[in-house]
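Understanding the architecture of this molecule
Okay, here's what each chain looks like letter by letter:
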Amino acid sequence: MTTTDLPQTLADLYATIPQVLAVVQGGSVTAGNQDASSDIDLYVYCREDVPVALRRNIAAPRAQRLEIDNHFAECGDEWIERDGRAVDVMFRPAASFEDHLHYLLERFEAHQGYSTAVWHNLRTSRLLFDREGWFARLQAQALQPYPDGLAQAIIALNVPLLSGHINSRAAQVAVAVRRRDLVAVNGILTKLLASYFDVLYALNRVPHPGEKRLLTLAASLPLTPAGFVPAIEQLLTVTPGTLDDVPARASAVIDPLLDLLAVHGQRPPAWGEPV
């Protein structure tokens, strides 16, 4: 069996379960940025919960290692095939997923990072089974142009979180540095970069590709701050001996993005009111 056969083989097995509405392949393979470590990501869309026993019956006979009914993020099953390939299957309630797309693309609901990652996942998924044509209709809807209102909402929410808000990531990291709290600094930088890339992709009107290879993928965007890749790489080389440099390094990442937003008329007004 080849790698390309496995997703369809699994989809055919899940298609025998009445609760399953559609099965698609997503992740880095369908997005075109896979490597030798990429696993097989399947998304099973359901009208109702799929019984765990049925899921186990599909995975167990073929797995050398098996984890059924994980809830670390989405409900899912993971296993290692006997030939060593990793499989990650996520079970999504179809109605909730459709609601998410509605709130995103029609009501412009922004988040603190990764606002459009699910939209990107939907756009790039490969359809393997579609009982009633539901997924094909949803995917066709997802191929619409990036709404300006959504981009503006993402930028308006995340820019103050980067800098300007009393409790912005820049302010938080300065406090953590004063406390000499290396763990807190790293946690704040993770949140800072989540908002940073959300803003950058919104500025470019491109759906967010998710957490993998962000520096590489973002470097190909049409609009990027000059030198942002080495600036982010330097920001992430935090050691106890370089803690005092972190606030300035954070500014060296944030400020060029804010300048780029301003050049393109996308920078939101300053947060707060004068006193």
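Notes on the structure follow. Owing to the predicted nature of the structure, the values given are computational and were not obtained by experimental measurement.

Conventions we followed
- Residues numbered from 1 in each chain as written.
- Predicted model: local features only at pLDDT ≥ 70, side-chain atom pairs only at ≥ 80, totals over all residues.
- Heavy atoms only, no water.
- Helix = DSSP H or I, 4+ residues; strand = E, 2+ residues; numbered from the N terminus.
- Buried < 20%, exposed > 50% of the residue type's maximum accessible area, 1.4 Å probe, protein only.
- Contact = heavy atoms within 4.5 Å.
- Areas by Shrake-Rupley, 256 points an atom, 1.4 Å probe, with all protein chains shown as cover.
- Lys, Arg positive; Asp, Glu negative; His and termini not counted.
- Charge placed at Lys NZ, Arg CZ, Asp CG, Glu CD.
- Phe/Tyr/Trp six-rings, centres within 6.5 Å; stacked < 30°, edge-to-face > 60°.
- Lys NZ or Arg CZ within 6 Å of the ring centre and 35° of its normal.
- Axes fitted to C-alpha atoms, helices over the stretch in contact; angles between N-to-C directions.
- Parallel < 35°, antiparallel > 145°, perpendicular 65-115°, else oblique.
- Left-handed = near helix turned anticlockwise from the far one by under 90°.
- Pairing = 2+ DSSP bridges.
- Salt bridge = Lys/Arg side-chain N within 4 Å of Asp/Glu carboxyl O.
- Core = buried A, V, L, I, M, F, W, Y, C linked by side-chain atoms within 4.5 Å.
- Expected span 1.5 Å × (residues − 1).
- Arc of directions from axis to C-beta.

**Observations regarding the overall build of the protein chain**
Of the regular secondary structure elements, the protein chain holds twelve helices and six strands. Seen along its three principal axes, the alpha-carbon backbone of the protein chain occupies a region of about 65 × 40 × 30 Å. Each of the 275 residues in the protein chain was classed as buried or not, and the buried ones make up 46%. Expressed as a percentage of contacts within the protein chain between residues at least 6 apart in sequence, the contacts between residues at least 24 apart total 61%. For the protein chain, the exposed area adds up to about 13600 Å²; of that, 54% sits on carbon and sulfur atoms. When the 23 basic and 31 acidic side-chain charges of the protein chain are each reduced to a single mean position, those positions are 2 Å apart.

**Topic: the packing of aromatic side chains**
Across all of its chains, the model carries seven aromatic pairs by this definition. By the ring-pair criterion, three or more aromatic residues cluster together here, those being Tyr45, Phe97, Trp134 and Phe135. Here Arg55 stacks its cationic end above the ring of Phe91, 4.3 Å away from the centre of that ring.

**Some points on the packing of helix H9 (residues 182–203) against helix H12 (residues 246–263)**
The packing of two helices is summarised by the inter-axis angle and the distance between the axes. Interaxial distance between H9 and H12 falls to 11 Å at its minimum, and their mutual angle equals 15°. In terms of their interaxial angle, H9 and H12 are classed as roughly parallel. The two elements H9 and H12 cross, and the hand of that crossing is left-handed. Contact with H9, carried on its side by Val185, Leu189, Leu192, Tyr196, Val199, Leu200 and Leu203, involves Val246, Ala250, Val253, Ile254, Leu257, Leu260 and Leu261 of H12 and no other residues of that element.

**Let's talk about the sheet that holds strand E1 (residues 20–26)**
Sheet architecture is open: six strands sit in the order E3-E4-E5-E2-E1-E6, paired in mixed fashion. This sheet does not close on itself; its edge strands, each paired only once, are strand E3 (63–70) and strand E6 (126–130). Neighbour-to-neighbour, the strand axes of the sheet open up by a mean angle of 15°, direction not taken into account. Sheet strands touched by helix H1 (residues 5–14): E1, strand E2 (40–46), strand E4 (76–81), strand E5 (86–93) and E6. Its angle to E2, the strand with the most contacts, is close to 20°. The sheet contacts of helix H4 (residues 94–105) involve E1, E2 and E5, and relative to E5 the element is tilted by about 80°.

**Some remarks on the pattern of salt bridges**
Per the stated rule, a full pass over the model turns up ten salt bridges. Notably, a salt bridge pairs Asp148 with Arg205, separated by 3.0 Å at the nearest N-O pair. Here Arg205 lies in the loop between H9 and helix H10 (214–218) and Asp148 lies in helix H7 (residues 148–162), a separation of 57 residues in the sequence. A residue is classified by how much of its surface remains accessible, and Asp148, at 45% relative accessible area, is partly exposed. Arg205 gets classed as partly exposed once you look at its relative accessible area, which sits at 24%.

**Some thoughts on the nonpolar core**
Within the largest apolar cluster, 56 residues are counted, with the highest numbers of intra-cluster contacts made by Trp134, Val185, Tyr196 and Phe197. The dominant element in this core, judged by the number of residues it contributes, is H9, at twelve residues. The residues touching Trp134, leaving out its near neighbours within four places in the chain, are Leu21, Ala22, Tyr45, Ala94, Phe97 and Glu98. Residues Leu42, Val50, Val87 and Leu128 belong to the second largest nonpolar core, which totals 24 residues.

**Side note on H12**
In a regular helix each residue adds 1.5 Å, so 18 residues correspond to 26 Å; H12 covers 26 Å between its end C-alpha atoms and thus fits that length. Taken together, the buried positions of H12 are Val246, Arg249, Ala250, Val253, Ile254, Leu257, Leu258, Leu260 and Leu261. Residues of H12 that are buried sit in contact with H7, helix H8 (169–178), H9 and helix H11 (228–235). Gly265 sits one or two residues past H12 and shows a positive phi near 65°.

**Side note on the environment of Leu54**
On the secondary structure map, Leu54 appears in helix H3 (residues 52–59). Once the C-alpha coordinates of Leu54 and Thr16 are considered, the two residues, 38 residues apart in sequence, prove to be 10.0 Å apart.

**So, H11**
Listed in full, the buried residues belonging to H11 are Phe228, Ala231, Ile232 and Leu235. Mapping the buried residues of H11 onto a view down its axis gives an arc of 95°, with all of them on the same face.

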